[in-house]
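# Structural overview
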Amino acid sequence: MHFNRRYILIIILLLAVLSVFLPITVRYNFYTSAKIYPLKEWKLTRGETEGFWGQSYNYETNALSDFKNYRFERGDIAELKMKHNIQTDTLIHKDDTVAFIESWFIENEIVRLKNLRDIEQANLNVVSTGEKQPMIDHAQRKYDYAVEQLELQKKNYERQHKLFLDSVITLSEDEAYENALKLAQINTEVASNELITLKTGEKDQVQGLTEQKILSYDKEIERLEEQKKQYTILSPLGGLLSYDPSLGGILKVSDISYLVLKIPVPYQNSVYLSKLHAVRFSTPDDKITIGATFKGFDENVSMIQNQQVVIAKAVTNEFSPGIYPGMVVKCRIYCDKVSLFEYVKRNFMLSF
């Protein structure tokens, strides 16, 4: 009985070996894992030192686009605020308004310039009605106040500059006090010239000067309003909106109309993808299986678990509900049809 069993095993082994050499072809395939990425992704993040920057990344082509940098004046306080009626984790359209960046400096400059314009407008009304003396009195008070502010800023700067020289305050703080002093000097000169003009000039000259100042304020206000509009954040693409303030305020839109698979393929198997037939992948629970189209390789070779791999890319052939960016899925790659012997040889080479 022992003799017969041994011969039976030998016969089975011989048949198995012979079957490998039969002219039968099978489709070569192998399993691997893949990570899911959106087709495109746009991010708006706070810069490491200042401001905000946004850009889009195409995971299929590895191309960057829509780069935009929002920078602000030194010492400015900029805050990102979501649009009040927009919800995160929902689909939005391209060019939808998603957020605003509020600049403390711009808001205060607009208010300050509007106040100055209103004062000049009141002055113009007085001049145009011929009441010159009240205008002179007002200009005198304005000049006296400017002189007081100049003296105050001189003392502040001298005191703070000493602190800077002693390394108590930073350079930016010292520059802020210096700028405040320069602004006070300019305001004093303007007030002085206005007073002299009112005392010595004719009514038409005074009126023309006031109108020019109003026009100048209007142009500066218009420029700041246009700059403020640039801080309205429009999404450059449609997709799933998400916002995570815990990660430095990352605002993100992911185009998930199609998905991109990044597939680590053993280097030995990469040559077989030139005759690739199909790519199929499924969720870890095998409830969803979807096809994808091979799109080529990333240029670099990586090391994963002491094995050289190339990163293949594939794009889904259809919308994929239930599969989201960031998931790791099982992936099966179907290549060319080969003989049984070639199939065994390839798998043998892959295992070493």
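Residues numbered from 1 in each chain as written. Predicted model: local features only at pLDDT ≥ 70, side-chain atom pairs only at ≥ 80, totals over all residues. Heavy atoms only, no water.

A few words on the environment of Ile-92. Inspection of the secondary structure assignment puts Ile-92 in strand β5 (residues 90-92). According to the relative accessible area criterion, Ile-92 is buried, its value standing at 8%. Not counting chain neighbours up to four residues away, the residues in contact with Ile-92 comprise Ile-86, Val-98, Ser-235, Gly-238, Gly-239, Leu-241 and Val-253. (Helix = DSSP H or I, 4+ residues; strand = E, 2+ residues; numbered from the N terminus. Buried < 20%, exposed > 50% of the residue type's maximum accessible area, 1.4 Å probe, protein only. Contact = heavy atoms within 4.5 Å.)

It is worth spelling out the pairing of strand β8 (residues 239-244) at this point. In this sheet, β8 lies alongside β5 in antiparallel orientation, the contact comprising three bridges. Directly across from Thr-90, in β8, lies its bridge partner Leu-241. Inspection of the sheet shows β8 paired to strand β9 (residues 250-266) by five bridges, in the antiparallel sense. Along β9, the bridge assignment pairs Leu-241 with Val-253. (Pairing = 2+ DSSP bridges.)

Counting through the fold element by element, Asn-29 comes out in strand β1 (residues 25-46). By relative accessible area, Asn-29 is classed as buried at 11%. For Asn-29, the side chain forms a polar contact with the side chain of Arg-332, separated by 2.9 Å. (Polar contact = N/O pair within 3.5 Å; in protein donor to acceptor, adjacent residues only side chain to side chain.)

The share of residues in the protein with pLDDT of 70 or more is 82%, and the mean pLDDT across the chain is 79. Looking at the elements of the protein, mean pLDDT is at its lowest for helix α1 (residues 2-20), recorded as 57, and at its highest for strand β7 (residues 232-234), recorded as 89. (pLDDT = per-residue confidence, 0-100.)

Following the sequence through the fold, Ile-288 ends up in the loop between β10 (278-282) and β11 (289-304). With 33 residues separating them in the primary sequence, Ile-288 and Pro-321 have C-alpha atoms 9.1 Å apart. Apart from residues no more than four positions distant in its own chain, Ile-288 is found in contact with Phe-281, Ser-282, Thr-283, Pro-321, Gly-322 and Ile-323.

Leu-261, Ile-263, Val-265, Phe-281, Cys-331 and Ile-333 are the most contacted members of the largest nonpolar core, which has 24 residues in total. Secondary-structure elements contributing two or more residues to this core are β1, β9, β10, β11, β12 (307-316) and β13 (328-339). Leaving out residues up to four positions away in the same chain, Ile-333 has contacts with Tyr-28, Asn-29, Phe-30, Thr-32, Ile-263, Val-265, Leu-273, Leu-276 and Ala-278. Membership of the second largest hydrophobic core comes to 23 residues, among which are Ile-92, Val-98, Tyr-231 and Leu-237. (Core = buried A, V, L, I, M, F, W, Y, C linked by side-chain atoms within 4.5 Å.)

In this section: the sheet that holds β7. With antiparallel pairing, three strands are arranged side by side in an open sheet as β4-β6-β7. Strands at the two margins of the open sheet, each flanked by one partner only, are β4 (78-82) and β7. Within this sheet the neighbouring strands show an average axis-to-axis angle of 25°, counted without direction. Bridge analysis of strand β6 (residues 97-103) against β7 gives three bridges, and the strand direction is antiparallel. Each bridged residue has a counterpart across the sheet, and for Phe-100 the counterpart in β7 is Thr-232. (Axes fitted to C-alpha atoms, helices over the stretch in contact; angles between N-to-C directions.)

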